[in-house]
Amino acid sequence: MIFCLYCLVFLGSSYVISTYGPHQRAQKTGDILLGGLFPIHFGVASKDQDLAARPGYTECVRFNFRGFRWLQAMIFAIEEINNSSTLLPNITLGYRIFDTCNTVSKALEATLSFVAQNKIDSLNLDEFCNCTDHIPSTIAVVGACGSGVSTAVANLLGLFYIPQISYASSSRLLSNKKQFKSFMRTIPSDEHQATAMADIIDYFQWNWVIAVASDDEYGRPGIEKFEKEMEERDICIHLNELISQYLDEDEIQGLADRIENSTAKVIVVFASGPDIEPLIKEMVRRNVTDRIWLASEAWASSSLIAKPEYLDVMGGAIGFALKAGSIPGFKEFLQQVYPGQSSYNEFVREFWEETFNCYLEDSQRLTDSESERTSFRPLCTGEEDITSVETPYLDYTHLRISYNVYVAVHSIAQALQDIITCTPGHGLFANSSCADIKKIEAWQVLKQLKHLNFTNSVGEKVHFDEAADPSGNYTIINWHRSAEDGSVVFEEVGYYSIRPKKGTHLFIDKTKILWNGYKTEVPFSNCSEDCEPGTRKGIIDSMPTCCFECTECSDGEYTDHKDASVCTKCPNNSWSNENHTSCFLKDIEFLSWTEPFGIALAIFAVLGVFLTVFVMGVFVRFRNTPIVKATNRELSFLLLFSLICCFSSSLIFIGEPRDWTCRLRQPAFGISFVLCISCILVKTNRVLLVFEAKIPTSLHRKWWGLNLQFLLVFLCTFVQVMICVVWLYNAPPASYRNHDIDEIIFITCNEGSMMALGFLIGYTCLLAAVCFFFAFKSRKLPENFTEAKFITFSMLIFFIVWISFIPAYFSTYGKFVSAVEVIAILASSFGLLACIFFNKVYIILFKPSRNTIEEVRCSTAAHAFKVAAKATLRHSSASRKRSSSLGGSSASTPSSSISLKTNGNYPDSPSGQQRGKKPRVSFESGTVTLSLSLEESRRNSMKD
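Model, not experiment: these values are computed from the prediction.

What counts, and at which threshold
- Residues numbered from 1 in each chain as written.
- Predicted model: local features only at pLDDT ≥ 70, side-chain atom pairs only at ≥ 80, totals over all residues.
- Heavy atoms only, no water.
- Helix = DSSP H or I, 4+ residues; strand = E, 2+ residues; numbered from the N terminus.
- Buried < 20%, exposed > 50% of the residue type's maximum accessible area, 1.4 Å probe, protein only.
- Contact = heavy atoms within 4.5 Å.
- pLDDT = per-residue confidence, 0-100.
- Disulfide = S-S within 2.5 Å.
- Pairing = 2+ DSSP bridges.
- Axes fitted to C-alpha atoms, helices over the stretch in contact; angles between N-to-C directions.
- Right-handed = clockwise from strand over helix to strand, strands pointing away.
- Patch = residues over 30% accessible without salt bridge, like charges linked within 9 Å, V, L, I, M, F, W, Y side chains within 5 Å.
- Areas by Shrake-Rupley, 256 points an atom, 1.4 Å probe, with all protein chains shown as cover.
- Salt bridge = Lys/Arg side-chain N within 4 Å of Asp/Glu carboxyl O.
- Lys, Arg positive; Asp, Glu negative; His and termini not counted.
- Charge placed at Lys NZ, Arg CZ, Asp CG, Glu CD.
- Phe/Tyr/Trp six-rings, centres within 6.5 Å; stacked < 30°, edge-to-face > 60°.
- Lys NZ or Arg CZ within 6 Å of the ring centre and 35° of its normal.
- Parallel < 35°, antiparallel > 145°, perpendicular 65-115°, else oblique.
- Left-handed = near helix turned anticlockwise from the far one by under 90°.
- Core = buried A, V, L, I, M, F, W, Y, C linked by side-chain atoms within 4.5 Å.
- Nonpolar A, V, L, I, M, F, W, Y, C, P; charged D, E, K, R; others polar.
- Expected span 1.5 Å × (residues − 1).

Here we come to the overall build of the protein. Helices and strands together make up the secondary structure of the protein, namely 27 helices and 31 strands. Each of the 944 residues in the protein was classed as buried or not, and the buried ones make up 48%. Relative to all contacts within the protein whose residues are 6 or more apart in sequence, the contacts with residues 24 or more apart total 70%.

On to the confidence of the model for the protein, then. Put simply, the protein has an average pLDDT of 79, and 79% of its residues get 70 or more. Counting interchain partners and residues more than four positions distant, the pLDDT-below-50 stretch residues 1–21 has 27 contacts.

So, about the state of the cysteines. For the structure shown, the criterion picks out nine disulfides. Across the disulfide, Cys 570 is cross-linked to Cys 583 (sulfur-sulfur distance 1.8 Å). Between Cys 570 and Cys 583 the disulfide shows an S-S torsion of about -75 degrees. By sign, it is left-handed. Of this pair, Cys 570 sits in the loop between strand E24 (568–569) and strand E25 (574–576) while Cys 583 sits in strand E26 (residues 583–585), and the two are 13 residues apart along the sequence. With a relative accessible area of 6%, Cys 570 lands in the buried category. The partly exposed category is assigned to Cys 583, whose relative accessible area is 28%. No disulfide involves Cys 646; its nearest neighbouring cysteine sulfur is the one of Cys 676, lying 5.1 Å away.

This part covers the sheet that holds strand E27 (residues 587–589). Strands sit in the order E27-E29-E28 across an open sheet of three strands; the sheet is mixed. Looking at which strands have only one partner, the edges of the open sheet turn out to be E27 and strand E28 (734–738). For this sheet, the mean inter-axis angle between neighbouring strands, taken without regard to orientation, is 25 degrees.

The next thing to look at is unusual backbone geometry. In this chain, Gly 143 is followed by Ala 144 through a cis amide linkage whose omega measures 0 degrees. By secondary structure assignment, the location of Ala 144 is in the loop between strand E6 (138–142) and helix H4 (147–159). The backbone phi angle of Asn 90 is positive, close to 65 degrees, even though this residue is not glycine. Mapping Asn 90 onto the fold places it in the loop between helix H2 (65–82) and strand E5 (93–99).

Here the focus is the pairing of strand E10 (residues 236–243). Bridge count between strand E9 (residues 208–214) and E10: seven bridges; the pairing is parallel. Bridge pairing links Ser 214 to Ile 243 in E10. For the crossover from E9 across helix H6 (residues 219–232) to E10, the handedness is right-handed.

Take a negative patch on the surface next. On the surface, Glu 552, Asp 555, Asp 587, Asp 742 and Glu 743 cluster together into a patch of negative charge. Looking at the secondary structure, you find Glu 552 in strand E22 (residues 548–552).

Take the sheet that holds strand E7 (residues 164–166) next. Pairing is mixed in the open sheet, where six strands are placed in the order E1-E5-E2-E6-E7-E8. Only two strands of the sheet have a single neighbouring strand rather than two, namely strand E1 (25–28) and strand E8 (183–185). The mean angle between the axes of side-by-side strands here comes to 20 degrees, regardless of whether they run parallel or antiparallel. For E1 and E5, the ladder comprises four bridges, and the chain directions are antiparallel. Along E5, the bridge assignment pairs Ala 26 with Ile 97.

One pass over the full model with this rule turns up 31 aromatic pairs. Counting every residue linked through ring pairs, the aromatic cluster contains Phe 63, Phe 65, Phe 68, Phe 351 and Tyr 393. The residue whose ring lies beneath Lys 28 is Tyr 344, and the NZ or CZ to ring-centre distance is 5.8 Å. In this structure, Arg 621 is placed above the aromatic ring of Phe 622, and the distance from its NZ or CZ to the ring centre is 5.0 Å.

In a packed pair of helices, the relevant descriptors are the angle between the two axes and the axis-to-axis distance. Interhelical geometry of helix H5 (residues 190–203) versus H6 gives an angle of 40 degrees and a closest axis separation of 8 Å. Looking at the two axes, H5 sits oblique to H6. Seen from above, H5 lies across H6 with right-handed handedness. Side by side, H5 and H6 meet where Glu 191, Ala 194, Thr 195, Met 197, Ala 198 and Ile 201 of the first sit next to Gly 222, Lys 225, Phe 226, Glu 229 and Met 230 of the second.

The tally for this structure, following the rule as stated, stands at 23 salt bridges. Between Lys 106 and Glu 109 there is a salt bridge whose closest N-O contact spans 3.9 Å. With Lys 106 and Glu 109 both in helix H3 (residues 104–121) and three residues apart, the pair spans about one turn of that helix. For Lys 106, a relative accessible area of 3% gives the class buried. A salt bridge links Asp 290 to Lys 265; the nearest nitrogen and oxygen atoms lie 3.1 Å apart. Of this pair, Asp 290 sits in the loop between helix H8 (273–286) and strand E12 (292–295) while Lys 265 sits in the loop between helix H7 (249–261) and strand E11 (266–270), placing them 25 residues apart in sequence.

Here we take up the side chain of Glu 282. Its location among the elements puts Glu 282 in helix H8. The residues contacting Glu 282, other than those within four sequence positions of it, are Ile 252, Gln 253 and Ala 256.

So, on to a nonpolar patch on the surface. Nonpolar side chains collect at one region of the surface, where Leu 711, Phe 714, Leu 715, Phe 718, Met 722 and Val 725 lie side by side and expose about 550 Å² of accessible area between them. In this structure, Phe 718 sits in helix H20 (residues 706–730). Owing to a relative accessible area of 39%, Phe 718 belongs among the partly exposed residues under this scheme.

Turning our attention to the nonpolar core. In terms of nonpolar packing, the biggest core is built from 104 residues, with Phe 38, Met 74, Phe 226 and Leu 416 touching the most fellow members. Considering every element that reaches this core, the biggest residue donor is helix H13 (residues 401–420), with 12 residues. Once you skip the residues sitting within four places of it in the chain, Phe 226 turns out to touch Ala 194, Met 197, Ala 198, Ile 201, Ala 211, Ile 237, Val 268 and Phe 270. Ranked by size, the runner-up nonpolar core spans 64 residues in total, among them Leu 638, Leu 640, Cys 646 and Phe 673.

This paragraph deals with the packing of H2 against H13. Their axes nearest at 8 Å, the elements H2 and H13 cross at an angle of 30 degrees. The pairing of H2 with H13 is recorded here as roughly parallel in orientation. As for the relative orientation of H2 and H13, their crossing is right-handed in sense. Here Arg 66, Arg 69, Trp 70, Ala 73, Met 74, Phe 76, Ala 77, Ile 78, Glu 80 and Ile 81 of H2 lie close against H13, whose contacting residues are Ile 401, Ser 402, Val 405, Tyr 406, Val 409, His 410 and Ala 413. A breakdown of the residues in the contact of H2 with H13 according to their chemical character gives 12 nonpolar, two polar and three charged.

Under the 1.5 Å per step criterion, the end-to-end length of helix H15 (residues 596–621) is 37 Å for 26 residues, consistent within 8% with the ideal 38 Å. Listed in full, the buried residues belonging to H15 are Gly 598, Leu 601, Ala 602, Ala 605, Gly 608, Val 609, Thr 612, Val 615, Val 618 and Phe 619. Where H15 is buried, its residues touch helix H16 (626–630), helix H17 (633–651) and helix H24 (815–846).

Positionally, Val 212 belongs in strand E9. Apart from the residues within four sequence positions on either side, Val 212 is in contact with Ile 223, Glu 241, Ile 243, Ile 259, Ile 267, Val 268, Val 269, Phe 270, Ile 276 and Leu 279.

Quick look at the environment of Tyr 218 now. Along the chain, Tyr 218 turns up in the loop between E9 and H6. Classification of Tyr 218 by relative accessible area gives buried; the value is 5%. Taking the C-alpha atoms as reference points, Tyr 218 and Leu 173, separated by 45 residues in sequence, lie 8.5 Å from one another. Residues contacting Tyr 218, with those up to four places away along its chain left out, are Ser 147, Gly 148, Ser 170, Ser 171, Asp 190, Gln 193, Phe 270, Ala 271, Ser 272, Ser 296, Glu 297 and Ala 298.

Below is the structure:
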């Protein structure tokens with residue numbers, strides 16, 4: 001009872017398997033059966049199913065000649081393997097091939113027949129029933145074409161681990177082995193094609209494009225990857241549209257309107273031929289000829305689009321095509337197809353009728369409606385010459401998809417061959433065992449395929465990576481119009497290598513490209529015009545980044561190429577030219593010896609040195625004259641030496657600053673001036689103390705001797721030396737290149753510490769202030785002796801110069817900083833030299849009569865009379881005030897008297913004695929004896 005039940009189930013199942021699936025098929029028995037899924041038609045007829053009755057059979061429409069050629073490639077490969085004595089000897093391959101009609105529903109209908117047969121075989125009913133009509137299981141499937149169709153098929157075949165090798169499904173989603181366990185392919189993944197498209201757009205410097213993708217598993221993932229690649233390259237997509245061959249006419253027209261109104265000229269299309277065909281037809285109807293189409297491999301060479309009547313719009317399109325291969329003997333096989341000799345292939349009859357636009361007398365596919373359509377066709381015999389007509393079926397010059405089908409079949413055959421030649425203990429299965437070719441199962445073939453690595457009959461290596469994807473290249477083609485017959489010619493203009501060596505991803509020969517079918521200049525497809533060199537792209541609010549305005553580069557920045565995103569900053573030693581297109585070296589400036597200003601300052605410095613040396617020479621020559629002696633000649637010589645140092649120190653500020661000059665010039669200037677002012681200070685203070693001392697004693701002469709004077713000068717100068725030593729030790733000045741000024745590099749000195757410089761100048765000014773105080777206090781002393789008035793004036797000049805120097809120093813820059821300091825040094829040095837020494841030199845050289853001891857004594861005596869008179873007047877005034885307050889007599893009795901004893905004024909004294917005595921000036925508190933020249937006294941008497 002159980003045996004009969006199993007037999008009935010099996011027989012029933014066998015009947016179902018033989019009749020299930022699409023009615024049209026290509027089928028041939030064999031020891032091992034391969035399945036095939038090909039788009040023999042482009043689509044299905046649209047028919048409303050109201051379900052008032054049993055749904056009828058869905059009719060496939062629009063015969064696909066290329067799809068039929070792909071089917072023939074599978075049959076040719078199987079026949080070649082069956083006729084081979086080395087590949088699968090004693091084993092015959094059979095096939096069951098169905099038409100997917102480029103739709104998921106038809107593909108699944110065919111796939112269910114493969115799955116159902118494998119499920120029946122898994123019941124292992126051979127021991128209960130010996131059935132001669134048993135159809136073997138389908139151990140592998142070749143197909144399908146579109147990625148959307150293959151996705152649905154892969155989900156079903158993956159449940160039973162039936163290997164599926166697609167020849168034209170490139171969606172990157174199919175590389176997910178967790179979801180599509182048994183899916184493999186001989187076409188590269190769109191992961192690389194999207195990158196290649198973005199590289200081409202970047203190569204031609206386009207940044208404003210339109211993206212169109214089919215609304216399926218092929219178009220959506222492809223355009224999604226393309227968008228990411230465009231974002232990485234800062235390229236904008238103006239429109240992003242989805243399309244399908246089943247869109248309404250209004251939707252197609254709306255899409256065409258948006259494309260036509262867009263300013264983008266490049267249209268990137270990720271779609272199949274049937275999906276993009278309605279849009280192309282609408283663009284041809286509108287005659288939109290100013291667009292560049294970038295085609296994915298799914299339609300780059302499609303016979304639906306590559307028609308001569310479309311070339312006015314589609315001419316110049318750039319597409320990606322798979323690497324072409326050669327199939328020896330395939331050309332002859334295609335030409336040997338005849339309806340009467342192809343009983344195993346039910347598609348041949350329809351192919352014949354569509355090729356010759358006729359109908360066969362015994363056609364079984366005609367319905368009533370079709371009979372009406374074919375009534376206008378002539379009757380054909382089935383013996384017509386296939387080579388006499390022009391059909392895509394015989395376009396075997398560039399075998400791309402057909403070659404992929406050929407490789408897929410041979411890959412399965414090679415996997416079976418590896419199973420046959422497997423050595424026990426070296427197999428891929430449990431315990432290193434081998435599979436039994438007589439009881440081979442689909443999952444065993446899948447395992448063997450994943451480890452496949454062989455060289456096919458045309459010498460090409462075939463293997464699959466971890467994602468079961470092949471490695472390969474894309475050929476870049478350009479649509480040209482044939483000069484002979486006006487047909488479409490696919491001109492190879494470059495290639496894209498998926499796994500190349502570094503730097504060889506993309507190659508394009510631009511000289512071979514014809515844009516819009518006849519132009520050689522690269523079209524413009526940017527949101528904004530290119531920015532010229534010297535400008536950069538500026539952002540426009542509320543607009544994509546690809547839309548910009550050109551902004552001129554700032555000073556010190558440049559761009560030397562078009563469409564620059566940012567301006568490049570010139571190096572520190574350079575500056576941008578007027579157009580901001582390049583940089584030129586900045587001028588290097590410093591207070592040079594060769595420029596007029598530097599020459600003038602150097603001349604004045606040398607002149608000061610020569611004048612000081614001249615004065616020193618005069619003083620040396622007349623060193624024993626009264627006026628030189630009266631000015632403390634030792635200190636005067638030291639003062640003149642310090643002035644020479646002051647003038648000389650200004651020369652260090654001229655010329656290119658170097659580290660050693662920067663470290664030398666400020667200390668040299670500071671020490672020289674302190675030495676100079678110290679001499680003046682000591683000199684002035686000594687005279688002041690001598691004249692204010694009421695009784696000169698030996699103590700005064702001891703403490704104000706020459707040694708003490710030099711000691712004080714040394715001590716004052718030593719303080720400045722220590723300031724300089726500390727400065728040079730802690731923060732030494734150094735040469736510095738100032739790049740902050742446009743177009744100029746100023747070489748200056750970085751002083752290291754402005755505080756130290758402040759201490760240096762401040763200490764100098766402090767000594768000058770003390771000197772000014774003493775000079776001002778002694779301004780009325782005998783002028784030939786102390787020149788206090790001139791020292792006071794020189795100190796005023798010194799203060800004016802250096803007070804003006806401070807704001808001028810901090811408000812100038814570059815070489816003018818050094819110039820300001822040189823001017824300050826020269827001005828103060830000339831002031832000191834002129835005020836202190838020029839008057840004396842004038843007297844020595846031009847008024848020698850005044851350079852006598854009598855002149856000196858006379859001026860000293862005059863000063864003494866003035867002091868005594870002032871003292872007497874002050875004393876008399878004080879006495880009168882006291883008398884008035886006490887009410888005494890009106891006669892005043894002075895408490896002190898001034899007596900000047902001379903020969904003529906004191907007769908009571910002996911004349912000889914009077915001649916021997918010097919005139920005396922008597923004070924209450926003491927007597928100062930002065931020597932006067934009688935000749936000078938008489939001269940003064942006569943003047944009175």
